[in-house]
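# Structure assessment
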Amino acid sequence: MNAREIIKDIHYVGVNDRVTVKFEEQWPLPYGVSYNSYIIKGSEATALIDTVKIDTVNTYLPKIGGEKIDYLIVNHMEPDHSGSIPEVAKLYPEMKIVCNAIAAGMIKGFCHITDDSRFLIVKDGDEISLGNHTLRFYMTPMVHWPETMMTYIPDLKTIFSGDGFGTFGALNGGVLDSEMETGLYFREMYRYYSNIVGKYGRSVINALNKLKDVELNYICPTHGPVWHDKINDVIEITRRLGSYESERGIVIIYGSMYGNTTEAAEEIASHLNRLGEKNIIIHNAAHSEMSDMISDAFRYDTLIVGSCVYSMRLFPPVEAFLTAMETREIKNKTFGGFGSFSWATGAAENKFKEFSERLKLPLAATFSFKHAMHDGTAKDAKEFAEQIWEARNK
Ligand SMILES: Cc1cc2nc3c(=O)[nH]c(=O)nc-3n(C[C@H](O)[C@H](O)[C@H](O)COP(=O)(O)O)c2cc1C
Ligand SMILES: [Fe+2]
Ligand SMILES: [Fe+2]
């Protein structure tokens, strides 16, 4: 894709990555990802917003090569955006690097650019002029790192939001949402948010509050489409996710070595379906991608976790999932736990209880059974499902 003017004086110079298998070496990229970068051509000066991951620098540099860049604005220092800073800095020795003090420390550490005269340090509300356009900086710490900031152009009502409002999925020709089918990006937004930004809901809400009175015609994130037509939808999804508000749906995540816990999971799902739930998603923790499990658990209101007991602990893939939930400080869920054991009565229940207490996520119901399912345990599974149903409908 060539550089193109997407908004008056704003040129898209980002790149697509359809090669990286896992983002941050963890999160699958079935549809790729874009690293977005933009050039703003003012009447007096030109600014480049963020760069791209170093693996894609050879595609990137020719897009910006023809321009004289006066300022490089660094909104976020994660290497998917900062990786090419050293190359760009080499190409434009006169260029000033505009960033906040925390980012400057990171640039010195990550990029070995230590000459203070190269930096223009900005604080919340500071502005620089490009002539007919002004750039204003809003500090938005922890969306997604401590140095994260956003850059706003008042006369174009356009914000460069870093990872905020970003999504997985490479761009397939178009850049603006109005130029494309956006369904894929909205589906991927849940996975992107919950996997990458999930822990920082409070910071996301703080950033939204800070931007409350800022008029937005265009949002230019670092990943995925530029939002224009669908700005309200994107802000609303971000607000919901940032506030840990859920949609209606039941997610069952279970781990089982020999099928006993599986059988209970199927039984519970069947009862919940008979009680009226149509939206039930079951993940076998040993097979499903962690990325999808986190995304579904984040999105829906009821989380049921099942595990066989394994050396007095929960089955390792289930334990890993619960750790991911804890890392993201998951809230506002109807939560239940179940599982099978052979000799350690109550071991799984204790683990679920500890998790529930640490996360202040009430344990709506729990049940475990010795060995295989039989008529008695089938009845317990039914009661468990009914207790969950009652708790979530309270
Ligand atoms: C490697 C291994 C470790 C186990 N550790 C325990 C344990 O510490 N406590 C216990 O009660 N059962 C333990 N069990 C027994 C299983 O929890 C039990 O067989 C259960 O029914 C398995 O459920 P599943 O069919 O869903 O895999 C262990 C089984 C295996 C294979
Ligand atoms: Fe990031
Ligand atoms: Fe990013």
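Residues numbered from 1 in each chain as written. Chains lettered and ligands numbered in written order. Predicted model: local features only at pLDDT ≥ 70, side-chain atom pairs only at ≥ 80, totals over all residues. Heavy atoms only, no water.

On to the pattern of salt bridges. Counted by the stated rule, this structure contains 23 salt bridges. Where glutamate 188 meets arginine 191, a salt bridge forms, and the shortest distance between an N and an O atom there is 2.7 Å. Of this pair, glutamate 188 and arginine 191 both sit in helix α5 (residues 183-197), three residues apart, which is roughly one turn of the helix. With relative accessibility at 7%, the residue glutamate 188 sits in the buried group. Between glutamate 383 and lysine 379 there is a salt bridge; the shortest N-O distance is 3.6 Å. In this pair, glutamate 383 and lysine 379 both sit in helix α12 (residues 375-392), four residues apart, roughly one turn of the helix. By relative accessible area, glutamate 383 is classed as partly exposed at 37%. A single network of salt bridges, built from pairs that share partners, joins Arg248, Glu277, Asp301 and Arg392. (Salt bridge = Lys/Arg side-chain N within 4 Å of Asp/Glu carboxyl O. Helix = DSSP H or I, 4+ residues; strand = E, 2+ residues; numbered from the N terminus. Buried < 20%, exposed > 50% of the residue type's maximum accessible area, 1.4 Å probe, protein only.)

Moving on: the site of ligand 1. Among the 17 residues in the neighbourhood of ligand 1, the closest are listed as Ser256, Met257, Thr261, Met312 and Ser340. Measuring from an oxygen atom of ligand 1, one finds a backbone N or O atom of methionine 257 at 2.6 Å. The contact in question runs from a nitrogen atom of ligand 1 to an N or O atom on the backbone of serine 311, over 2.7 Å. Protein chains shield 83% of the accessible area of ligand 1, which is 640 Å² for the free molecule. Secondary-structure elements contributing two or more residues to the shell around ligand 1 are α8 (260-275), β20 (309-310) and β22 (334-341). (Near = heavy atom within 4 Å. Polar contact = N/O pair within 3.5 Å; in protein donor to acceptor, adjacent residues only side chain to side chain. Areas by Shrake-Rupley, 256 points an atom, 1.4 Å probe, with all protein chains shown as cover.)

Attention shifts here to the coordination of the iron ion (ligand 2). Summarising the metal site, the iron ion (ligand 2) is bound by the protein donors His76 (NE2), Glu78 (OE), His144 (ND1) and Asp163 (OD), whose distances to it range over 1.9 to 2.4 Å. Of note is the iron ion (ligand 2), whose four donor atoms meet at the metal with angles of 84 to 155 degrees in an arrangement that counts as irregular. Of note, the iron ion (ligand 2) draws all its donor residues from one chain, in the sequence arrangement H-x1-E-x65-H-x18-D. Metal-to-metal, the separation of the iron ion (ligand 2) and the iron ion (ligand 3) is 3.5 Å; aspartate 163 coordinates the two. (Donors = N, O, S within 2.8 Å, 3.2 Å for Na, K, Ca; no water. Tetrahedral: all angles 85-135°; square planar, octahedral: opposite > 155°, others 65-115°.)

This part takes up the packing of aromatic side chains. By the definition in use, this model includes 16 aromatic pairs. An aromatic cluster is present here, built from Phe338, Phe367, Phe369 and Phe384 joined pairwise through their rings. Across the ring face of phenylalanine 119, the terminal group of lysine 108 is positioned such that the distance to the ring centre comes to 5.4 Å. Directly above the ring of tyrosine 244 sits lysine 331, whose terminal nitrogen or CZ lies 4.7 Å from the centroid. (Phe/Tyr/Trp six-rings, centres within 6.5 Å; stacked < 30°, edge-to-face > 60°. Lys NZ or Arg CZ within 6 Å of the ring centre and 35° of its normal.)

A common way to express how large an interface is: the accessible area buried when the components associate. As far as domains go, the protein holds domain 1 (4-242) and domain 2 (247-392). Computed over C-alpha atoms, the centres of domain 1 and domain 2 are 38 Å apart. Counting residues at the interface gives 13 residues for domain 1 and 12 residues for domain 2. For the pairing of domain 1 and domain 2, the buried interface totals around 1100 Å² over both sides, and the portion due to carbon and sulfur atoms is 52%. Considering only the surface of domain 1 that becomes buried against domain 2, Tyr190, Ser194 and Lys199 emerge as the three largest contributors, covering 43% of it. Counting across the interface, domain 1 meets domain 2 through three salt bridges. For lysine 199, the salt bridge goes to glutamate 329, with nearest N and O atoms at 2.8 Å. At the junction of domain 1 with domain 2, the criterion picks out eight residue pairs in polar contact (both at pLDDT 80 or more). If you list the elements that add at least two residues to the side of domain 1 that touches domain 2, you get β5 (27-28), α5 and α7 (231-242). (Domains from an automatic or database assignment. Contact = heavy atoms within 4.5 Å. Buried area = accessible area lost by both parts, 1.4 Å probe.)

Next up on the list: α5. Taking 1.5 Å of rise per residue, the 15 residues of α5 would be expected to cover 21 Å, and the 21 Å separating its terminal C-alpha atoms lies within 8% of that figure. Along its length, α5 shows its largest kink, about 25 degrees, at methionine 189. In terms of burial, α5 is a largely internal element, 13 of the 15 residues being buried. (Expected span 1.5 Å × (residues − 1). Bend = angle between axes of the 7 residues up to and from the residue.)

Pairing within the open sheet is mixed, and its seven strands lie in the order β1-β2-β7-β8-β9-β10-β11. For this open sheet the edge positions go to β1 (4-7) and β11 (119-121), each flanked by a neighbour on one side alone. With direction set aside, neighbouring strand axes in the sheet form an average angle of 30 degrees. Bridge count between strand β8 (residues 46-49) and strand β9 (residues 71-73): three bridges; the pairing is parallel. Looking across to β9, one finds that isoleucine 49 is bridged to isoleucine 73. (Pairing = 2+ DSSP bridges. Axes fitted to C-alpha atoms, helices over the stretch in contact; angles between N-to-C directions.)

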